[in-house]
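Letter by letter, the chains look like this.
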Amino acid sequence: MLDKIAQLEKQSRLLEPDSPTRERLRNSVLNYTENFLNAVNEINAYNLEDTKGKGILDFPITDEPTDINQLIDSVEKNIDYPSLNPASGGHLGYIPGGGIYTSALGDYMADVTNRYSGVFFASPGAVRMENMLINWMGNIIGWEPGFVGNLTSGGSMANLIAIVTARDAKKINSTNIAKSVIYATRQAHHSILKAIRVAGLKESILREVPVDAHFKMQVSELKKMIAQDKQDGLNPFLVIASAGSTDVGAVDPLSDIGDMAKKENLWYHIDGAYGGFFVLVKEGKKKLQGIEKADSVIMDPHKGLFLPYGSGAVLVKNKEALLNSHYYLANYMQDTVEANEELSPADLSPELTKHFRGMRLWLPLKVHGLAPFRACLEEKLWLTRYFYEEIQKIGGFEVGHYPELSVATFRYVPKKSDANEFNKKLIEAIQKDGRVFLSSTMLNGTFTIRLAVLSFRTHLSTINLTLQVLKEKVAELQQT
Ligand SMILES: *Cc1c(COP(=O)(O)O)cnc(C)c1O
């Protein structure tokens, strides 16, 4: 038996490379990431490529080791080349992501030490750090102490946690679900509709509140709908507003909706996944006024704080409500209850064992200080306005309403051909070109191009390049 154990130990110790081996592995990875970063301003935002990363399948999981350089080569070719490159400042589609380096270093530290940040008992420091970050977020949106929250993997999970909490706080169950009403506009992010389904609220009634010309919720219509529903014996319980819609960047009248929610006793949820962190900028703070009235808010550090993917956050004002929906005490965890000075993430979310997400957020905020984050957000607001003004100087382009945050909408109106067809071709031509990436949407039946500025690598030169690409592609399409 001892022989057997010794033999197994020899093998399993391969999982703990010695220092020189670590250095060799690390250097290979650092070489790759350094080359990636040194070229990041030159590489395309989008690469049309036929194999679509199929080559990665040449590396199936087997018992034998593979040289790391071979693996990195395959990652470069099959993963980091084809299709959309979210690290590029030319990524101006959907809502661009971030990827600041100091956050990657935070992940590296968190991963090497592998602190267990799920419960206070296991890593009180890590839990304090995460709760401190949550407190900071609540503080910047104007909440008084006493709220709770959770660092999630993203906005979708954060929305789900908020909606589950609203469901339970408003006592929605099998006896009243079919009579219970949720209010949102068409601009609500699809992750909200998904969360409603996942939360078991599919059978409740979802009312689409009409929007005004700027795609903002019409509170007068909301009021009418609630009154009618109450009169019909229904149970209005939740209203969901956008603090920056993904589609057009619309901010709903947050304050008025908040007053209505309070008066009618509805749970008030605000989706600030995209727009939430604009509160760090004076002007954004003003535009998001009323966010302090919400019962729950979500925001995405992997959008508005330029973190790599994998960071969302949910804030809930009523501590008991979030706990009631997520608290659980297993027998095998009985050692963990004592001396809990802080609430544990495991009691505030569906997760138990989780990534120590606090570190990837705390380290960059502390290493850089907040000032560059504020500047970067404000720069994005100005770049969007600059684009909005400049695109109108190119003949034939028509713009949507003045950008509220960092999304601008526009389209080209050709003299002869069909506009929807033309803009579809224009988007395709831009994607084929690849220097910048733009996405599109349908607004009231009109094919519309969107420019979303939120990558920390997008600067004035990127916007000028975008204008130039648009000009070139329109000219090329006109010729055919
Ligand atoms: C991105 C986004 C979401 C979803 O967040 P993920 O982090 O992608 O899961 C929800 N709402 C809005 C407004 C968003 O922009």
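Just so we're clear, the structure is a prediction, and the values are computed from it rather than from any experiment.

About the thresholds
Residues numbered from 1 in each chain as written. Predicted model: local features only at pLDDT ≥ 70, side-chain atom pairs only at ≥ 80, totals over all residues. Heavy atoms only, no water. Near = heavy atom within 4 Å. Polar contact = N/O pair within 3.5 Å; in protein donor to acceptor, adjacent residues only side chain to side chain. Areas by Shrake-Rupley, 256 points an atom, 1.4 Å probe, with all protein chains shown as cover. Helix = DSSP H or I, 4+ residues; strand = E, 2+ residues; numbered from the N terminus. Patch = residues over 30% accessible without salt bridge, like charges linked within 9 Å, V, L, I, M, F, W, Y side chains within 5 Å. Salt bridge = Lys/Arg side-chain N within 4 Å of Asp/Glu carboxyl O. Lys, Arg positive; Asp, Glu negative; His and termini not counted. Charge placed at Lys NZ, Arg CZ, Asp CG, Glu CD. Buried < 20%, exposed > 50% of the residue type's maximum accessible area, 1.4 Å probe, protein only. Axes fitted to C-alpha atoms, helices over the stretch in contact; angles between N-to-C directions. Parallel < 35°, antiparallel > 145°, perpendicular 65-115°, else oblique. Left-handed = near helix turned anticlockwise from the far one by under 90°. Contact = heavy atoms within 4.5 Å. 1 Å grid on protein atoms, 1.4 Å probe; cavity = no way out; pocket = protein on both sides within 12 Å on 5 of 7 lines; lining within 4 Å. Points joined across faces, edges and corners; volume = space filled by probe spheres on them. Nonpolar A, V, L, I, M, F, W, Y, C, P; charged D, E, K, R; others polar. Expected span 1.5 Å × (residues − 1). Arc of directions from axis to C-beta. Pairing = 2+ DSSP bridges.

Q: Help me understand the site of the ligand in this model?
A: Near the ligand lie 15 residues; those nearest to it are Gly155, Ser156, Asp271, Asp300 and Lys303. Within the contact set of the ligand, a nitrogen atom lies 2.6 Å away from a side-chain nitrogen or oxygen of aspartate 271. In the environment of the ligand, an oxygen atom lies 2.7 Å from a nitrogen or oxygen atom belonging to the side chain of histidine 302. Contact with the protein chains covers 85% of the free accessible surface of the ligand, which is 380 Å². Elements with a contribution of two residues or more to the shell around the ligand: helix 6 (155-169) and helix 11 (301-304).

Q: I keep staring at a negative patch on the surface and nothing clicks. Help me out?
A: Taken together, Asp67, Asp73, Glu76 and Asp80 make up a surface patch of like negative charges. Among the secondary structure elements, glutamate 76 is positioned in helix 3 (residues 68-78). By relative accessible area, glutamate 76 is classed as partly exposed at 41%.

Q: How should I be thinking about the environment of asparagine 41 in this particular structure?
A: With respect to the helices and strands, the residue asparagine 41 is situated in the loop between helix 2 (19-38) and strand 1 (46-47). Along the chain, asparagine 41 and glutamate 76 lie 35 residues apart, while their C-alpha atoms are 16 Å from each other.

Q: Explanation requested: the pattern of salt bridges in the structure shown.
A: When the charged atoms of two side chains lie near each other, side chains of opposite charge can form a pair. Counted according to the given criterion, the structure contains 23 salt bridges. Among the ionic pairs, glutamate 221 bridges to lysine 224, the shortest N-O distance being 3.2 Å. Residue glutamate 221 and its partner lysine 224 are both found in helix 8 (residues 219-231); the two are separated by three residues, about one turn of the helix. The class of glutamate 221 is partly exposed, set by a relative accessible area of 23%. The class of lysine 224 is exposed, set by a relative accessible area of 53%.

Q: Sorry if this is basic, but what is going on with the packing of helix 4 (residues 101-113) against helix 13 (residues 358-368) here?
A: Packed helices, taken two at a time, are described by their axes: the angle between them and the distance between them. Here helix 4 crosses helix 13 at 130°, and the two axes come no closer than 7 Å. Relative to helix 13, the element helix 4 is oriented oblique. In terms of crossing hand, the pair formed by helix 4 and helix 13 is right-handed. For the pair helix 4 and helix 13, the contacting residues are Thr102, Ser103, Leu105, Gly106, Asp107, Met109 and Ala110 in the first and Met359, Arg360, Leu363, Pro364, Val367 and His368 in the second.

Q: I tried to follow the layout of surface pockets on my own but got confused; where do I start?
A: Any space left empty among the atoms is revealed by the rolling of a water-sized probe across them. Size it by volume and the largest pocket reaches roughly 1,200 Å³. Along the walls of the largest pocket sit 32 residues, with Val29, Tyr32, Thr33, Tyr101 and Ala104 positioned nearest its centre. Within the residue set of the lining of the largest pocket, elements represented by two or more residues are helix 2, helix 3 and helix 4. Class assignment of the residues belonging to the lining of the largest pocket gives a composition of 22 nonpolar, four polar and six charged. In this structure, the second largest pocket encloses a volume near 410 Å³. Every element with two or more residues in the lining of the second largest pocket is listed here: helix 2 and helix 3. It is helix 2 that contributes the most residues to the lining of the second largest pocket, three residues altogether. Along the lines of polarity and charge, the residues of the lining of the second largest pocket split into seven nonpolar, three polar and three charged.

Q: Where do I start with helix 4 in this structure?
A: Within an α-helix, residues lying three or four positions from one another point in the same direction, as the helix has 3.6 residues per turn. An ideal rise of 1.5 Å per residue puts 18 Å on 13 residues; helix 4 measures up with 19 Å between its terminal C-alpha atoms. Where helix 4 is concerned, the buried positions are Thr102, Ser103, Gly106, Asp107 and Ala110. End-on view of helix 4: buried residues confined to an arc of 150°, all on one side of the axis. Structurally, helix 4 contributes buried residues whose contacts are with helix 13. One or two positions beyond helix 4, positive phi appears at asparagine 114, with a value near 50°.

Q: Looking at this structure, I do not really get the sheet that holds strand 3 (residues 148-152). What am I missing?
A: Picture the strands of a sheet paired through backbone hydrogen bonds; they go either parallel or antiparallel. One open sheet holds the seven strands; their spatial order is 3-9-8-7-6-4-5, and the pairing between them is mixed. Only two strands of the sheet have a single neighbouring strand rather than two, namely strand 3 and strand 5 (205-208). Pairs of neighbouring strands in the sheet enclose a mean axial angle of 15°, with direction left out of account. Looking at chain direction, strand 4 (residues 180-184) and strand 6 (residues 235-242) are connected through four bridges and run parallel. Residue pairing across strands places isoleucine 182 opposite leucine 238, the latter belonging to strand 6. Strands strand 4, strand 5 and strand 6 of the sheet are contacted by helix 8, whose axis makes an angle of about 175° with strand 4.

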